[in-house]
There are 2 protein chains.
Amino acid sequence: MKREWDLLHTPGPTPIPPSVERSMNQPMIGHRGGKCKELMNDIAPRLKPVFGTSGEVLVVTGSGTSALESAVVNTTQPGDEVIVVVAGAFGDRFAQICETYELKVTRIDVPWGEAVEVSQVEEFLQASPDTKAVFLTHCETSTGVMHPVEEIAGRVKEISSALVIVDGVSSIGGAGIDMDRSGIDILVSGSQKAMMLPPGLSFVAVGEQVWSVIENNPRPRFYLDLRKYRDQLQGGQTPFTPALSLLFGLQQVLHLLEEERLDRVYERHQTMKEMTRDACRALQLPLLVSDEEASSTVTSIRPDTFEAEELRKIANEEFGLILAGGQKHLKGEIFRIGHMGYCRPSNVIQYIGILEIVLDRLGHEFEAGAGVAAAQSAYLKRTREG
Amino acid sequence: MKREWDLLHTPGPTPIPPSVERSMNQPMIGHRGGKCKELMNDIAPRLKPVFGTSGEVLVVTGSGTSALESAVVNTTQPGDEVIVVVAGAFGDRFAQICETYELKVTRIDVPWGEAVEVSQVEEFLQASPDTKAVFLTHCETSTGVMHPVEEIAGRVKEISSALVIVDGVSSIGGAGIDMDRSGIDILVSGSQKAMMLPPGLSFVAVGEQVWSVIENNPRPRFYLDLRKYRDQLQGGQTPFTPALSLLFGLQQVLHLLEEERLDRVYERHQTMKEMTRDACRALQLPLLVSDEEASSTVTSIRPDTFEAEELRKIANEEFGLILAGGQKHLKGEIFRIGHMGYCRPSNVIQYIGILEIVLDRLGHEFEAGAGVAAAQSAYLKRTREG
């Protein structure tokens with residue numbers, strides 16, 4: 001079913017570090033026993049720096065979407081006016097969730113591959129002064145754009161009382177956000193991206209100031225009722241049986257992040273981004289996103305001399321190198337390389353080297369070795385600077 | 001954190017078979033790739049016999065509660081009249097979910113430790129002819145009662161058009177239900193009980209006849225929208241990133257169930273039930289539930305010569321034998337032994353032997369060896385019959 005030599009470079013799920021696999025592979029425990037409490041009490045405070053908050057980071061068993069939905073159902077009521085920035089498939093999902101829950105949704109549509117500007121959000125917010133919440137995506141996984149969510153949050157807070165709710169699914173653990181200082185109210189993430197775990201857990205970081213809204217919100221919710229998660233967390237528990245093996249793994253992930261130090265983890269991702277982008281330029285591969293707006297966790301390429309799907313097919317069949325394609329109207333138009341979590345500059349060297357062979361097979365014109373050389377050079381430059 | 005020698009005998013989470021652990025411990029894959037489709041297409045039809053249905057068994061990443069909630073939000077609208085049998089903590093949870101979603105809930109309160117009678121449901125249903133759904137618990141984990149859900153479903157279908165929705169979280173994989181023949185419309189389960197997996201996956205088996213209700217239900221839902229799961233399953237996919245490592249494990253669990261044969265799996269659970277109960281009787285340990293109403297997956301004991309919590313403490317500290325206590329008003333009153341999933345008659349011999357030592361420490365009067373002998377005798381009797 002799976003090949004031992006596969007090289008998984010999609011923007012999630014991502015490869016699992018061996019020590020995390022070993023941590024997950026432990027005898028099962030009861031979720032109401034002392035050992036589970038110890039585990040939760042150990043994990044809960046260590047998650048806070050990863051989300052840049054002193055507030056609680058709640059752990060929900062479910063995909064990232066379940067956590068996005070929890071942010072919506074706990075803070076809004078039918079008829080509330082909200083603004084959603086839609087610049088890709090995941091902004092669109094956030095908007096769909098809001099529409100499903102009968103909110104009055106104003107979409108700020110941004111061309112796929114570009115970031116929203118702070119002034120755009122500002123204009124929409126001034127036009128709709130009753131806006132209850134602004135929904136943003138940090139890294140838009142479908143395009144590889146990283147939106148300036150901290151700047152936007154700061155501006156929103158200056159001019160309105162709207163909540164700022166951010167999807168950090170494909171960035172948290174790979175790019176830093178100072179949630180508290182920037183004014184972000186809720187920051188959501190998942191386990192299977194830069195957090196180096198299999199899918200199945202999601203995270204909801206909730207700023208202290210949001211609890212009064214959540215507390216007084218009459219909207220029906222049960223599994224995703226964040227009050228239940230907060231109340232149980234006081235006693236080191238979860239309201240419902242959690243995905244325990246993933247919690248075992250999470251403990252080791254936090255150890256890995258702390259051992260490397262978060263600032264260096266974020267630098268490593270920045271280095272992998274620059275290595276990948278410089279290599280693409282050297283290989284005449286058009287990048288979908290500008291340098292300033294590009295994500296440090298995923299890079300999108302829009303080839304103009306061959307079919308994106310053809311490249312993915314050869315890379316997969318010949319080398320087990322698994323890349324992602326495009327979504328929605330970018331399907332067949334782009335391919336995406338995930339470089340996050342359990343991924344290091346050495347992996348970039350490897351996938352760029354493989355891509356050169358595949359490009360050769362596709363008849364794409366480029367100088368042999370130029371991609372790897374550019375990646376090496378970007379690496380040397382950044383590490384000299386550091 | 002965990003001790004290598006622990007013997008986990010709570011009614012979930014339950015121990016994981018080594019081959020299932022190995023299956024989960026595999027390199028991560030993309031959830032939109034061909035390998036994941038292969039996996040889902042392999043799993044989906046093999047789940048059907050376990051739920052006794054020819055309908056779809058949908059796999060939701062979340063605890064059992066998320067699946068119970070999905071049954072509620074997909075089939076009901078605010079104001080609908082429903083009947084919920086409440087004979088323990090999990091019946092109560094089903095009622096709470098229904099109340100949260102603004103249903104008019106009639107609770108049939110049954111003393112904890114007893115099963116509901118078919119005639120009781122019949123009476124309530126005749127008194128409320130507009131009832132849209134009847135919610136039942138198959139094995140009430142908090143007491144160890146197994147309710148006659150097949151008989152009740154049959155009767156409900158004869159006299160009304162109400163849906164029958166069953167919580168099979170702590171029975172499916174350990175006790176058989178013929179969902180289609182008995183008239184059960186939705187049957188829900190979780191991964192961490194008799195299904196021998198860590199927590200994190202839940203299952204929703206949906207009878208073909210229910211889809212028109214689900215299809216036409218306007219209630220807002222997103223992550224738990226069963227239509228999305230059904231539609232994606234046609235293409236071997238899930239709507240949201242699934243807990244992939246648990247799906248790897250599920251494939252091996254299905255292999256284990258098929259290899260042993262489902263009817264023999266159910267017999268093994270019946271044997272473990274009788275061994276445990278006969279041993280308790282021989283050891284002068286009062287059983288909470290009658291023979292006819294007792295579950296084949298969990299046994300509750302209400303001691304009258306020592307404190308239940310004291311027994312649990314000594315068993316845990318001295319032997320790593322982890323048993324469950326009571327919930328709500330049975331807290332401190334009972335202890336519960338889980339014998340389901342990755343558990344065999346040899347494990348029953350072991351925990352009964354350990355219990356005898358603990359009972360000795362507690363000054364409980366009994367004939368030394370009588371518990372083990374009774375368990376052995378029950379085993380021999382059942383295997384001779386077979």
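On a predicted model such as this, the values are computed, not experimentally measured, just so you know. (Residues numbered from 1 in each chain as written. Chains lettered and ligands numbered in written order. Predicted model: local features only at pLDDT ≥ 70, side-chain atom pairs only at ≥ 80, totals over all residues. Heavy atoms only, no water.)

Peer 1: A description of the overall build of chain A should follow, citing residues and the corresponding values.
Peer 2: Looking only at helices and strands, chain A features 14 helices and 14 strands. C-alpha atoms of chain A, sized along the principal axes, occupy 60 × 55 × 40 Å. The 386 residues of chain A split such that 65% are buried. Considering only intrachain contacts with a sequence separation of at least 6, the fraction spanning at least 24 residues in chain A is 72%. A total accessible area of about 13700 Å² is found for chain A, and carbon and sulfur atoms account for 47% of it. (Helix = DSSP H or I, 4+ residues; strand = E, 2+ residues; numbered from the N terminus. Buried < 20%, exposed > 50% of the residue type's maximum accessible area, 1.4 Å probe, protein only. Contact = heavy atoms within 4.5 Å. Areas by Shrake-Rupley, 256 points an atom, 1.4 Å probe, with all protein chains shown as cover.)

Peer 1: Got a sec to walk through the UniProt feature "modified residue: N6-(pyridoxal phosphate)lysine" (unreviewed entry) in chain A? Specific residues and values, please.
Peer 2: Residue and element names in this part refer to chain A. The sites that UniProt annotates as "modified residue: N6-(pyridoxal phosphate)lysine" (unreviewed entry) are Lys193. Positionally, lysine 193 belongs in the loop between β9 (186–190) and β10 (201–206). Taking the relative accessible area as the measure of exposure, lysine 193 reaches 6% and is therefore buried. Ignoring anything within four residues of it in the chain, the contact list for lysine 193 reads Pro11, Gly12, Thr14, Thr141, Val169, Ser170, Met340 and Gly341. (UniProt positions renumbered as here; feature names shortened; annotations may be inferred.)

Peer 1: Explain the domain arrangement of chain A residue by residue, including any values.
Peer 2: Residue and element names in this part refer to chain A. Per the domain assignment, the segments of chain A are domain 1 (18–259) and domain 2 (262–385). The C-alpha-based centres of domain 1 and domain 2 are spaced at 28 Å. Tallying the contact residues gives 28 residues for domain 1 and 22 residues for domain 2. The junction of domain 1 with domain 2 conceals about 2000 Å² of combined surface from both sides, 60% of it contributed by carbon and sulfur atoms. When the shortest N-O distance is used, the salt bridge between aspartate 92 and lysine 328 registers 3.0 Å. Applying the counting criterion to the domain 1 and domain 2 interface returns 7 residue pairs in polar contact (both at pLDDT 80 or more). Residue assignment for the side of domain 1 that touches domain 2 shows that the elements contributing at least two residues are α2 (34–51), α4 (89–100) and β7 (145–146). The dominant element in the side of domain 1 that touches domain 2, judged by the number of residues it contributes, is α4, at 4 residues. (Domains from an automatic or database assignment. Buried area = accessible area lost by both parts, 1.4 Å probe. Salt bridge = Lys/Arg side-chain N within 4 Å of Asp/Glu carboxyl O. Polar contact = N/O pair within 3.5 Å; in protein donor to acceptor, adjacent residues only side chain to side chain.)

Peer 1: I'd love a proper account of the interface of chain A and chain B, names of residues and values included.
Peer 2: Counting from both sides, the interface comprises 52 residues of chain A and, opposite them, 52 residues of chain B. Summed over both sides, the interface between chain A and chain B buries roughly 4300 Å², with carbon and sulfur atoms accounting for 64% of that surface. Put simply, Lys35(B) and Asp6(A) hold a salt bridge, and the shortest N to O gap is 2.4 Å. Seen at the junction of chain A and chain B, the total is 6 residue pairs in polar contact (both at pLDDT 80 or more). Here the side of chain A that touches chain B is composed, by residue class, of 24 nonpolar, 18 polar and 10 charged. (Nonpolar A, V, L, I, M, F, W, Y, C, P; charged D, E, K, R; others polar.)

Peer 1: So, the packing of aromatic side chains: which residues are in play, and what are the values?
Peer 2: Centre-to-centre distance and the angle between the planes together describe a pair of aromatic rings. All names here are of chain B. Within this structure, the stated rule accounts for 10 aromatic pairs over all chains. Here the aromatic rings of tyrosine 229 and phenylalanine 240 are separated by 6.1 Å at their centres, their planes lie at 75°, and the arrangement is edge-to-face. Within this pair, whereas tyrosine 229 is found in helix α9 (residues 226–234), its partner phenylalanine 240 is found in the loop between α9 and α10 (244–260), the two being separated by 11 residues in sequence. Classification of tyrosine 229 by relative accessible area gives buried; the value is 5%. (Phe/Tyr/Trp six-rings, centres within 6.5 Å; stacked < 30°, edge-to-face > 60°.)

Peer 1: Describe the relation of the copies chain A and chain B, with residues and values.
Peer 2: When chain A is fitted to chain B, the residual RMSD is 0.0 Å, and the transformation amounts to a turn of 180° plus an axial shift of 0.0 Å. Such a turn and shift between the copies fits a two-fold axis. For chain A, the residue whose C-alpha comes nearest the rotation axis is Gly62(A), separated from it by 2.4 Å. Most of the interface of chain A is mirrored in chain B, where 100% of its interface residues are also at the interface. (Least-squares fit on C-alpha atoms with pLDDT ≥ 70 in both.)

Peer 1: Would you mind going over the sheet that holds strand β2 (residues 56–61) of chain A in detail, with residue names and values included?
Peer 2: Residues and elements named next belong to chain A. Read across the sheet, 7 strands follow the order β2-β10-β9-β8-β5-β3-β4 without closing on themselves; strand pairing throughout is mixed. The open sheet is flanked by β2 and β4 (104–109), the only strands paired with a single partner. Strand-to-strand twist in this sheet, taken as the mean axis angle between neighbours without regard to direction, amounts to 20°. Sheet analysis places strand β8 (residues 163–167) next to β9, joined by 3 bridges and oriented parallel. (Pairing = 2+ DSSP bridges. Axes fitted to C-alpha atoms, helices over the stretch in contact; angles between N-to-C directions.)

Peer 1: Pulling in residues and values, what's your account of the sheet that holds strand β2 (residues 56–61) of chain B?
Peer 2: Residue and element names in this part refer to chain B. Read across the sheet, 7 strands follow the order β2-β10-β9-β8-β5-β3-β4 without closing on themselves; strand pairing throughout is mixed. A single partner strand is all that each edge strand has here, and the edge strands are β2 and β4 (104–109). Sheet twist, expressed as the average angle between the axes of neighbouring strands with direction ignored, equals 20°. Pairing analysis gives 5 bridges linking strand β9 (residues 186–190) to strand β10 (residues 201–206), with the strands arranged antiparallel. The residue of β10 that forms the bridge with leucine 187 is alanine 205. Here helix α4 (residues 89–100) sits on the sheet in contact with β3 (81–86), β4, β5 (133–137) and β8 (163–167), set at roughly 160° to β3.

Peer 1: Break down the UniProt feature "binding site: substrate" (unreviewed entry) in chain A for me, with residues and values.
Peer 2: Residue and element names in this part refer to chain A. In the numbering used here, UniProt assigns the feature "binding site: substrate" (unreviewed entry) to Arg336. Residue placement: arginine 336 occurs in strand β14 (residues 335–338). On the accessibility criterion, arginine 336 (6% relative accessible area) is buried. For arginine 336, the residues in contact, after removing those within four places along its chain, are His9, Pro11, Thr141, Ser142, Val298, Thr299, Ser300, Leu323, Ala324, Gly325 and Gln327.

Peer 1: Describe the pattern of salt bridges, listing the residues and the values that go with them.
Peer 2: If you walk through the whole model with that rule in mind, you get 56 salt bridges over all chains. Residues Arg230(B) and Glu215(B) are paired through a salt bridge, measuring 2.9 Å at the closest nitrogen-oxygen approach. Taken together, the positions of Arg230(B) in helix α9 and Glu215(B) in helix α8 (residues 211–215) put the pair 15 residues apart, joining distant regions of the chain. Among the residues examined, Arg230(B) registers a relative accessible area of 15% and is labelled buried. Take Glu215(B): its relative accessible area is 36%, and that puts it in the partly exposed class. When salt bridges that share partners are traced, they join Asp92(A), Glu99(A), Arg107(A) and Lys328(A) into one network.

Peer 1: Hey, could you go over unusual backbone geometry for me, with residue numbers and the actual values?
Peer 2: Residues and elements named next belong to chain A. The residue after glycine 12, namely proline 13, is reached through a cis peptide bond having omega -10°. Within the fold, proline 13 resides in the loop between β1 (7–8) and α1 (18–24). With a phi close to 65°, methionine 196 is a non-glycine residue in the positive phi region. Positionally, methionine 196 belongs in the loop between β9 and β10. For arginine 261, which is not glycine, the phi torsion reads 85° and is therefore positive.

Peer 1: Could you give me a rundown of helix α9 (residues 226–234) of chain A, with the residues and numbers involved?
Peer 2: Residues and elements named next belong to chain A. Among all positions of α9, only Leu226, Arg227, Tyr229, Arg230 and Leu233 are buried. Buried positions in α9, seen along its axis, are confined to an arc of 165° and lie on one side of it. Looking at the buried side of α9, the elements it contacts are α2, β2, α3 (64–75), β10 and α8 (211–215). Of the residues flanking the end of α9, it is glycine 236, one or two places downstream, whose phi is positive at about 70°. (Arc of directions from axis to C-beta.)

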